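Residue-level listing of the chains:
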Amino acid sequence: MLTSESLKRIDREIAKYPAEQKQSAVMAALAIAQEEQGWLSSAAIEFVAGYLGMAPIAAYEVASFYNMYDLKPVGKYKVSVCTNLPCMLTGGVDAGEYLKTKLGIGYNETTPDGLITLKEGECMGACGDAPVMIVNNRRMCSWMNPEQIDKLLAELK
Amino acid sequence: MEIEIDGKMAQVPDGSTIMDAAQQVGAYIPHFCYHKKLSIAANCRMCLVQVEKAPKPLPACATPATNGMRVFTHSELAVKAQQGVMEFLLINHPLDCPICDQGGECQLQDLAVGYGNSASRFQEDKRVVFHKDVGPLISMQEMARCIHCTRCVRFGQEIAGVMELGMANRNMHAEIMTFVGRSIDSELSGNMIDLCPVGALTSKPFRYAARSWELGRRKSISPHDSIGANLTVQVKNGVVLRVLPRENEEVNECWISDKERFSYEALNSPARLTRPMVRVDGTLREVDWNSALDYVAHALKDIVATHGGESFAALSSPQATLEELYLLQKLTRGLGSGNVDFRPRRRDFSNDGQLGGIPWLGLRFSEIKDLDAALVVGSFLRKDHPLFAQRLRQLAKNWGQVSMLSVGGDDPLIDLHAQVTVSPADLPLALARVVKAAAQFQGETIPAGLDSVEADATSQAIARSLLERNKRAIFLGNAAEQSPQAAQLHALALELARLTGATCGFIGEAANSVGGHVAKALPTALNADEMFAQPRKAYILLGVEPELDCYNPQQAVAALKEAALVVMLTPFNDGAAREYADVLLPTTPFTETSGTFVNAEGRVQSFNGVVRPLGDARPGWKVLRVLGNLLALPGFDYDSSEQVRAEIVPAGEGFVGGLSNDLERGAWLLADAGEGLQRVTDVPIYFSDPLARRAPALQKTRDAVAPTARMNADTLAAIGVTDGVPVRVRQGTGEAVLTARFDETVPARCVRVAAGHPSTAALGAMFGAINVERA
Ligand code: SF4
Ligand code: FES
Ligand code: FES
């Protein structure tokens, strides 16, 4: 299911916990699986669960709880816009709307060329930098006014 | 520790919660997620109470009691908090009580009356939660009713041992579901219906059958496995509509298995026999009771007069009541025959004359939790004894070391200390290895015959766990009793018990596995196997379906087909019986008769009928009494089943006496591990008795899929087939075409073929050689 490279990374995570508590590595393992495969299919979740000796539904609980895990395929770039309260008060929602018109898609949709998926994110702990968005769960983008957004999109295209 | 609840003082041990203390003084604190058998989740917040000096209300279920704590469960602050929680809980609840199956027995409904408002302040749209299909037993049709207490989730994790339900998603999108819509397959799943405090999880077979207040509640005892679970049977208009657990901490705690919960559907089955039938000119015809009984009495008298008493044999199911078993043996002996037995699935009776008493569990169920180590030998534990397995599961979770020697590698969902899976023919050898290891550790002389046995590391680990720990027990399961080497296994287990100081006992196949001994339904001549191996002229069969219930169905059916007279006392008129029975006498299942079961721990549990017999069916003990009278046998004048029982066990006795697993002269002689392929036979949980076999919902579960021929990869390759290919399976003169299945847990050179199903009824013995080839 996963490459030996990914398995090695998961093993490294497992080693951080006592042997009988392997499942503590579930979040890391799911993230690694998603990185390799682009998203978390049911088969991938079940594989990770089996690897960690836990019930598939227990891994699914985790995968469906955190919205950085994608349970459906996403575009090459996933742009998550924070629309939680502090960001909302400082232009987060507007940033989202701007992205929607620019890309011609709504939240949880992907551009027809498969390049960009738009998501609503939860607080990223950077409320002071609002509006904020994060690309592919890794790259934080702060103070995203329309010009900044245009710049980001140009770069992604 | 002392704590004050609403002005009342309570003494509680360290580690207690406010909820525990409140229950002790009888103060009721509303709650949903709290359940005494489950871990604390504290997620519903319904149990908020006021605690002196605490700035905010605290959840009683999760707050440890401290010395001198003062708690107010009904103060203004507490009640206001509880009402607030209730308002939140109802925000997304559909409030559809009038069309909800749980109405009338719903914790949410009850508490909403006490703590809810008559009108809602919530004007926005409620969320919609889609229904789920999780199999034939549990309905998840209205999941919007769920209040996310997670009792069902915790039940799976902690009691059933398998997490099948989980709470997916987050916040207002949270939903209880199975992984990608799979079915719920646990054999204990029905308990989630009881646990669900709302109408989210309901019983599929019972759905919309009745309102809870229309139902009469009657006490009863489970007729299935040897636990003797206490039941509440619910009845409307003389029909059993539902079965629920009746709490008895010492027996079933507050659980029952799905077999016990859903088998009741068979009671109302169209296959019920309602009138006596006699074979006239080759076909079974309905007759009245007098003619049927006259016919039987005359025929029996004739046969006994011409061929002698020994030409007659009687076989009962181990699920018959104590009274029925007793009268059956009395009748048999009255006719001058010693051919009576109640152990149709047995092959090895060589210990019969050696028993030091009535074989039993060796300890009480309630003592299991205090064990430090346990060894189970020869059992499909989870499916044979779901509640016994549950107790061992808890034991293993706490501190106990549970080990298994088995012939099937099924996951018992117990955190095992050690597990050995061997071919059935090697089971005595596997046990002998542990005996040898124990003898070596103890520095004792090696028991005779075990010199050449090698104790491997796993056997040593098992022996060590039995030696080093304080309280330990050895349990022999169904497969160990059914094995053709049962006597050896018994003797070896006793030797291990002697060496280690453990108790030794039998889990017991069925509701009256101990009771049959108490009722003396034991052979003085031919036993359950011999009575068919050496065919008799006449048979009485009580509640047993030989083609499905016998060790060797092929042999049993052949004998029955040749017999001059086969009388069946049975609640059902379908099945193979129609081919060989000459007389069908409609007897009642456990709900329509009074009787007694003696469970594996020797507990005497009597029960009354909960509904009137269906049609002309009559309780078995009455039929046998009348038959005794018609045959002019002495001592058959009983007015009630209590009178019969009084002859067997003294009135008011809670446990039977004379229990012992000792052997006067136990011996073992380790045989070679059989030639060729060996059959591994399990009796799947819903094929195991006549009621379960006819319960439609149970028959739709995954546990009731038709038998296959399961083999490991090497065996498949040796036969030259792959998974999914049809194979011809042969034993003796019979054969069956089954699908080959890959199953890595099946031991080498073995084929696992289930018994108890019509598709394998033509096969022979449950143990021994079996032939498999590409079909
Ligand atoms: S389905 Fe029932 S038991 Fe399970 S979480 Fe919902 S309310 Fe609780
Ligand atoms: S609310 Fe957007 S980063 Fe905190
Ligand atoms: S019962 Fe205490 S929080 Fe649910």
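The numbers attached to residues start from 1 for each chain and follow its sequence in the written order. Chains carry letters from A onward and ligands carry numbers from 1 onward, assigned in written order. In view of the model being predicted, local features appear only for residues whose pLDDT reaches at least 70, and side-chain atom pairs are presented and counted only at 80 or more, with totals across whole chains, interfaces and linings using the full set of residues.

Trainee: Help me understand the overall build of chain A, please; the structure alone is not making it clear to me.
Mentor: Here a strand is any run of E in DSSP of at least two residues, a helix any run of H or I of at least four, and the numbering for each starts at the N terminus. The helix and strand inventory of chain A stands at seven helices and five strands. Taken over the C-alpha atoms alone, chain A extends approximately 50 × 35 × 25 Å along its principal axes. Counting all 157 residues of chain A, 35% fall into the buried class. Our contact criterion uses C-beta atoms placed from the backbone: two residues qualify when those atoms are within 7 Å. Looking at chain A alone, contacts between residues at least 24 apart form 56% of all its contacts between residues at least 6 apart. Exposed residues have 12 or fewer other C-beta atoms within 10 Å of their own C-beta, buried residues have 20 or more, and residues in between are partly exposed; the C-beta atoms are placed from the backbone.

Trainee: What should I look at first to understand the overall build of chain B in this one?
Mentor: For chain B, the count of helices and strands is 24 helices and 33 strands. Radius of gyration means the value over C-alpha atoms here, while the globule rule gives 2.2 Å times the residue count to the 0.38 power. Expected size for 775 residues packed as a compact globule is a radius of gyration near 28 Å; at 28 Å, chain B falls within 12% of this value. Its C-alpha atoms put chain B at 90 × 70 × 55 Å along the principal axes. Here chain B holds 775 residues, and 57% of them are scored as buried.

Trainee: Hey, could you run me through the sheet that holds strand β20 (residues 418–421) of chain B in this one?
Mentor: Two modes of strand pairing occur in sheets, parallel and antiparallel, and in both the strands are linked by backbone hydrogen bonds. All names here are of chain B. Note: two strands are recorded as paired if DSSP finds a minimum of 2 bridges between them. If you trace the five strands from one edge of the open sheet to the other, you get β20-β19-β18-β21-β22, paired in parallel fashion. Edge positions in the sheet fall to β20 and β22 (503–506), since each has one partner strand and no second. Adjacent strand axes in the sheet meet at a mean angle of 15° when their direction is disregarded. Of the pairings in the sheet, the one linking strand β21 (residues 472–476) to β22 comprises four bridges and is parallel in character. Residue pairing in the sheet places Leu476 in a bridge with Phe506 of β22. Orientation is described by axes fitted as lines to C-alpha atoms, over the contacting stretch for helices, and by angles from 0 to 180 degrees between their N-to-C directions.

Trainee: What should I look at first to understand the interface of chain A and chain B in this one?
Mentor: Chain A puts nine residues into the contact, and the matching count from chain B is 12 residues. Gly falls in the polar group here, along with every residue not listed as nonpolar (Ala, Val, Leu, Ile, Met, Phe, Trp, Tyr, Cys, Pro) or charged (Asp, Glu, Lys, Arg). Among the residues making up the side of chain A that touches chain B, the classes are represented as six nonpolar, two polar and one charged.

Trainee: How should the site of ligand 1 be read in this particular structure?
Mentor: Surrounding ligand 1, one finds 14 residues, the nearest of these being Cys146(B), Cys149(B), Cys152(B), Cys196(B) and Ala200(B). When grouped by side-chain class, the residues that make up the shell around ligand 1 number 11 nonpolar, two polar and one charged. Using the backbone to place each C-beta atom, any residue with that atom within 6 Å of a molecule or strand is considered near it.

Trainee: Teacher, can you tell me more about the UniProt feature "domain: 4Fe-4S Mo/W bis-MGD-type" (unreviewed entry) in chain B here?
Mentor: UniProt positions are given in the numbering used here, feature names are shortened, and annotations may be inferred rather than shown by experiment. The sites that carry the UniProt feature "domain: 4Fe-4S Mo/W bis-MGD-type" (unreviewed entry) are, in the present numbering, residues 215–271 of chain B. Between the end C-alpha atoms of residues 215–271 of chain B the distance is 25 Å, and the span holds 9% helix and 35% strand.

Trainee: What's the story with the UniProt feature "domain: 4Fe-4S His(Cys)3-ligated-type" (unreviewed entry) in chain B in this structure? I'm lost.
Mentor: With numbering aligned to this structure, UniProt lists the feature "domain: 4Fe-4S His(Cys)3-ligated-type" (unreviewed entry) at residues 77–116 of chain B. Counted over residues 77–116 of chain B, helix gives 60% and strand 0%. Its end C-alpha atoms are 15 Å apart.

Trainee: Even after reading the chapter, I still don't get the domain arrangement of chain A, so can you show me in this structure?
Mentor: Interfaces are often described in size by the accessible area the parts lose on coming together. According to the domain assignment, chain A contains domain 1 (4–65) and domain 2 (77–156). Note: domain ranges come from an automatic or database domain assignment. Between domain 1 of chain A and domain 2 of chain A, the C-alpha centre-to-centre distance is 28 Å.

Trainee: Got a minute to help me understand the environment of Ala765(B) in this structure?
Mentor: Residues and elements named next belong to chain B. Following the sequence through the fold, Ala765 ends up in the loop between β32 (750–752) and β33 (771–774). Note: C-alpha distance between Ala765 and Arg346 (419 residues apart in sequence) is 10.0 Å. Excluding anything up to four places from it in sequence, Ala765 contacts Arg347, Tyr551, Asn552 and Gln731.

Trainee: Honestly, the UniProt feature "binding site: [2Fe-2S] cluster" (unreviewed entry) in chain A in this entry has me stumped. Any pointers?
Mentor: All names here are of chain A. UniProt records the feature "binding site: [2Fe-2S] cluster" (unreviewed entry) for Cys82, Cys87, Cys123 and Cys127 in the present numbering. Separation in sequence by 46 residues is not matched in space for these annotated residues, since their most distant C-alpha atoms are only 8.9 Å apart. Tracing the backbone shows Cys87 in helix α5 (residues 85–89). On the basis of neighbour counts, which here come to 26 C-beta atoms within 10 Å, the residue Cys87 falls in the buried class. For Cys87, the contacting residues outside a window of four places in its chain are Cys82, Gly92, Cys127, Ala130, Pro131 and Val132. Here Cys127 lies in the loop between β3 (116–121) and β4 (133–135).

Trainee: Please explain the sheet that holds strand β16 (residues 312–316) of chain B as it appears in this structure.
Mentor: All names here are of chain B. Spatially, the seven strands line up as an open sheet ordered β15-β14-β25-β24-β23-β16-β17, and their pairing is mixed. Single-partner strands in this sheet number two, and they are β15 (283–286) and β17 (340–341). Of the strand pairs in this sheet, strand β14 (residues 277–280) and β15 are connected by four bridges, and their pairing is antiparallel. In the sheet register, Val278 faces β15, and the bridge partner there is Arg285.

Trainee: I would appreciate a short explanation of the confidence of the model for chain B in the present structure.
Mentor: One rule of thumb: low pLDDT means the predicted coordinates there are not for detailed reading. On a range of 0 to 100, pLDDT expresses the predictor's confidence in each residue. For chain B, the mean per-residue pLDDT works out to 96, and 100% of the residues sit at or above 70. Two numbers describe this predicted complex: its pTM, 0.95, and its ipTM, 0.93.

Trainee: Please explain the domain arrangement of chain B as it appears in this structure.
Mentor: All names here are of chain B. By the assigned domains, chain B splits into domain 1 (1–91), domain 2 (277–345 + 513–647), domain 3 (365–506) and domain 4 (678–774). Here the C-alpha centre of domain 4 lies 30 Å away from the C-alpha centre of domain 2. Counting residues at the interface gives 14 residues for domain 2, matched by 14 residues for domain 4. Listing elements by their share of the side of domain 2 that touches domain 4, those giving two or more residues are α17 (546–549) and α18 (553–562). With three residues, α18 is the largest single contributor of residues to the side of domain 2 that touches domain 4. Here the residues of the side of domain 2 that touches domain 4 sort into six nonpolar, five polar and three charged.

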